Amino acid sequence: MSTPVDPVSTALALPPGEPLADRLADLLARVTPRGELLFLSSGGRAWLGLGEGAAPRGSRLAALLAPQDQDGVAEALALAACRPRQKLAAGLCRADGTCLPATCRILPLAGPGGRPEVLFAAWELADPSPARSEGGGMEVDPLTGLPTRARLMGDLADLIRTAARPGEGFALLHLGLDDFQKVNEALGHAAGDRLLVQAAERLVAQVRAGDRVLRAGGDEFTVLLAGTRDREAVLGVVRKLQAALQRPFALGDSQPHLTASVGIALYPEHGGDGPTLFKCADIALSQAKAQGRNRWEFCRPGAGSQASRRMALEEQMYAAVQNGEFEMHYQPIWRAADRLLVGVEALMRWRRPGEGFVPPVEFIPLAEANGLIGFLGAWSLRASCHQVAHWNQTWGVKLRASVNLSPVQFHQGDVAHVVAQALAESGLPAGCLSLEITEGILMHDPIATEAVLHRLRDLGAGISVDDFGTGYSSLAYLKRFPLNTLKIDRSFVADLESDGNDQAIVEAVLGLARALGFSVVAEGVETEAQLAHLARRGCDMIQGYLLGRPLTAEELTRKVENGEWHPVR
């Protein structure tokens, strides 16, 4: 049995068949996001007792997994691009039919031509004592000691039997920690594991003795509230759980704060069997996360059709690229002191013929998962540079184009080369381009990130940190990295007029930016009072619906040329 090591720094570069793979894990495989095998280590074959002809390229990884764990692993593979470095427990099936309890890691890879792939690594547990279900799935999570998803359907069946009388029921809460991956990236996986243990303890402490808390996998938990189906009573528990998880976690010298989003399904209102209820709550959790952090959502009618919609969108995305259904919109950025137009933020939109716009929160994660984000990101960069260069030449101004870089786009391929090409083709001066990145990008592999950022700055482009203050970036990184601009997240602006904490945070960001020589953009400005407050405090720029919504290039052109908007000269 191999010693568990983190394969991130070494396995990603291994060519298929490299013997070193057998020293990294008991089993190491490269698979597609849909679970098709591309490579299986010889050590993994020996561990499972597979002959050379077994598990060929193109076969399903699921065939090697305990039946109860197949859905959970399939979900983790599909989400690898947006949830990197997942860790879960699963059973691996030997050729003789026995199942081996294993700890598994799932990490996103870039295959040939940037095609998305996934690394699946598994190690046999040193103590294979946790209970297992009849189907082979591990019933007790070795990290938190909670029951696992393998127990969930049995527990749901028990609750359904006891709630058979009219008027009785129960609630299923599917809970996910918001931005948990940032803790792993900033503090390491060992700290992330400790946080999960503390989170499990807090959840158990908040529910009744007859209720059940399970670990569903990754950063997700499931809570079953026996005999409770009244919505207000359920929401009372949800708020208690969310409040418990918002308290700082004790991780050595660090005390990160997290929030949690919750999807809620009620029996029998939302389903009469376990799989339907769990699917409903899972979709509700996704909807809650799509609305922002620290939210809850009840299962909605037609939730299953929304999952089908996501699959349909992914299939249609390639045709949409060929048919030219993607377009650019531009949100104006204003100088706070005098309301002159100083630039635009470029925003990609997908307009489906006959159906209207697909929200970016839907199609951007799909593009990151299916590998199209590289193409779409390069296209949006070129289109934005050409458009702003045209405006500057026509109007005799120097508007600045702010273009978002996806984390996947930033870390895959040569992003500096793509930027250089866009500048050269468009004729836009590099000083008129600002590239927006998230705090998560800063925290992911800081050495490599610093090298890429310096290449971008050497081109002359500016670097902005989007949604500043919502992540876990160290203040030391602001000094270390070649940055120009901080963008204050809209969550700190929304209640600026009444919330003293938000006022203090904005003041701190503005003071920090002045000390470091950065400019500041405040996002989400929607009232005159917000704008006046920010201008008095010395905020450089603002954007938001108060002065301008995102517009097509044609609409923005008319605003300027009819004298309604005035660019800075």
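Being a predicted model, the structure only gives us computed values, none of them experimental.

**Q** Honestly, the overall build of the protein chain in this entry has me stumped. Any pointers?
**A** Secondary structure summary: the protein chain contains 21 helices and 20 strands in total. Residues classed as buried in the protein chain amount to 52% of the 569 residues present. Partitioning the contacts of the protein chain with sequence separation of at least 6, the portion at a separation of at least 24 is 64%.

**Q** Explain the nonpolar core to me, please; I cannot follow it from the model alone.
**A** Side chains of nonpolar character tend, in soluble globular proteins, to be buried together. Formed by 80 residues in total, the largest nonpolar core has its most connected members in Trp391, Leu433, Leu435, Leu453, Leu483, Ile542 and Leu556. A total of eight residues in this core trace back to one element, the largest contributor, which is helix α12 (residues 373-395). Every residue in contact with Trp391, bar those within four places of it in the chain, is listed here: Tyr330, Val344, Gly396, Val397, Leu399, Ala553, Leu556 and Thr557.

**Q** Could you clarify how one ought to interpret the side chain of Arg202 in this entry?
**A** Within the fold, Arg202 resides in helix α7 (residues 189-206). No salt bridge forms around the buried Arg202; measuring N to O, its nearest opposite-charge neighbour Glu201 is 7.0 Å away. Of the polar contacts made by the side chain of Arg202, one reaches the backbone oxygen of Ala244; its length is 2.9 Å. Excluding residues within four positions of it along the chain, Arg202 makes contact with Ala244, Leu245, Arg247, Pro248 and Phe249.

**Q** Looking at this model, I keep getting lost on helix α21 (residues 553-561). Mind explaining?
**A** For an α-helix, 3.6 residues make a turn, and residues three or four places apart therefore share a direction. Within the sequence span of α21, burial applies to Ala553, Leu556, Thr557 and Val560. The buried residues of α21 occupy an angular sector of 105° when projected down its axis, which confines them to one face. Facing away from the buried side of α21 by over 90 degrees, the exposed positions are Glu554 and Arg558. On the buried face of α21, the contacting elements are β11 (326-335), β12 (341-352), α12 and β20 (551-552). Two residues or fewer after α21 comes Gly563, characterised by a positive phi angle close to 85°.

**Q** Where do I start with the state of the cysteines in this structure?
**A** Such a bond, covalent and formed between the sulfur atoms of two cysteines, is termed a disulfide. If you walk through the whole model with that rule in mind, you get one disulfide. With its sulfur 1.4 Å from that of its partner, Cys280 forms a disulfide with Cys299. Handedness of the Cys280-Cys299 disulfide follows from its S-S torsion of about -90°: it is left-handed. In this pair, Cys280 is assigned in helix α9 (residues 274-290) and Cys299 in the loop between β10 (296-298) and α10 (303-323), connecting sequence segments 19 residues apart. Just as Cys280 is buried, Cys299 falls in that class too.

**Q** Could you clarify how one ought to interpret unusual backbone geometry in this entry?
**A** Negative phi values dominate among residues other than glycine, just as trans dominates among peptide bonds. The omega torsion across Tyr267 and Pro268 is 5°, close enough to zero to call that bond cis. Structurally, Pro268 is set in the loop between β9 (260-267) and α9. Unusually for a residue other than glycine, Asn294 sits at a positive phi of about 60°. The topology assignment puts Asn294 in the loop between α9 and β10. Residue Asn294 is classed as partly exposed on the basis of its relative accessible area, which comes to 26%.

**Q** I would appreciate a short explanation of the pairing of strand β5 (residues 116-124) in the present structure.
**A** Moving residue by residue along a regular strand, the side chains alternate between the two faces of the sheet. Counting buried positions over the nine residues of β5 gives eight, a clear majority of the element. One ladder, built from five bridges, connects strand β1 (residues 27-31) with β5; its direction is antiparallel. Within the sheet, the bridge partner assigned to Ala29 lies in β5 and is Phe120.

**Q** Can you walk me through the packing of aromatic side chains in this structure?
**A** Centre-to-centre distance and the angle between the planes together describe a pair of aromatic rings. Here the structure, examined in full by the defined rule, presents eight aromatic pairs. Here Trp334 and Trp565 contribute two aromatic rings whose centre-to-centre distance is 5.1 Å and whose plane-to-plane angle is 90°, an arrangement assigned as edge-to-face. A residue pair is termed long-range when its members are at least 10 positions apart, and Trp334 in strand β11 and Trp565 in the segment after α21 qualify at 231 residues. When sorted by exposure, Trp334 lands in the same class as Trp565, which is buried. By way of ring pairs, the aromatic residues Phe326, Trp350 and Phe363 are connected into one cluster. Geometry around Phe249 places Arg202 over its ring, the cationic atom sitting 3.9 Å from the centre. For the cation-ring pair, Arg231 lies above Phe298, with the distance from its terminal atom to the ring centre recorded as 4.2 Å.

**Q** Got a minute to help me understand helix α5 (residues 149-162) in this structure?
**A** Over its 14 residues, α5 runs 20 Å from end to end, which matches the ideal 20 Å to within 8%, given 1.5 Å per residue. All of the buried residues in α5 are Ala150, Leu152, Asp155, Leu156, Leu159 and Ile160. Tucked inside the fold, the buried residues of α5 contact α4 (67-78), β6 (170-177), β7 (212-217), β8 (220-226), β9 and α9.

**Q** Sorry if this is basic, but what is going on with the packing of α12 against α21 here?
**A** When two helices pack together, their arrangement is given by the angle between their axes and by how far apart the axes lie. Where α12 meets α21, the axes come as close as 12 Å, and the angle between the chain directions of the two elements is 20°. As judged from the angle between their axes, α12 and α21 are roughly parallel. Remark: the crossing between α12 and α21 carries right-handed chirality. In this structure, α12 contributes Gln387, Trp391, Thr394 and Trp395 to the contact, and α21 contributes Ala553, Leu556, Thr557, Val560 and Glu561. When grouped by side-chain class, the residues that make up the contact of α12 with α21 number five nonpolar, three polar and one charged.

Quick notes on the rules
Residues numbered from 1 in each chain as written. Predicted model: local features only at pLDDT ≥ 70, side-chain atom pairs only at ≥ 80, totals over all residues. Heavy atoms only, no water. Helix = DSSP H or I, 4+ residues; strand = E, 2+ residues; numbered from the N terminus. Buried < 20%, exposed > 50% of the residue type's maximum accessible area, 1.4 Å probe, protein only. Contact = heavy atoms within 4.5 Å. Core = buried A, V, L, I, M, F, W, Y, C linked by side-chain atoms within 4.5 Å. Lys, Arg positive; Asp, Glu negative; His and termini not counted. Salt bridge = Lys/Arg side-chain N within 4 Å of Asp/Glu carboxyl O. Polar contact = N/O pair within 3.5 Å; in protein donor to acceptor, adjacent residues only side chain to side chain. Arc of directions from axis to C-beta. Disulfide = S-S within 2.5 Å. Pairing = 2+ DSSP bridges. Phe/Tyr/Trp six-rings, centres within 6.5 Å; stacked < 30°, edge-to-face > 60°. Lys NZ or Arg CZ within 6 Å of the ring centre and 35° of its normal. Expected span 1.5 Å × (residues − 1). Axes fitted to C-alpha atoms, helices over the stretch in contact; angles between N-to-C directions. Parallel < 35°, antiparallel > 145°, perpendicular 65-115°, else oblique. Left-handed = near helix turned anticlockwise from the far one by under 90°. Nonpolar A, V, L, I, M, F, W, Y, C, P; charged D, E, K, R; others polar.

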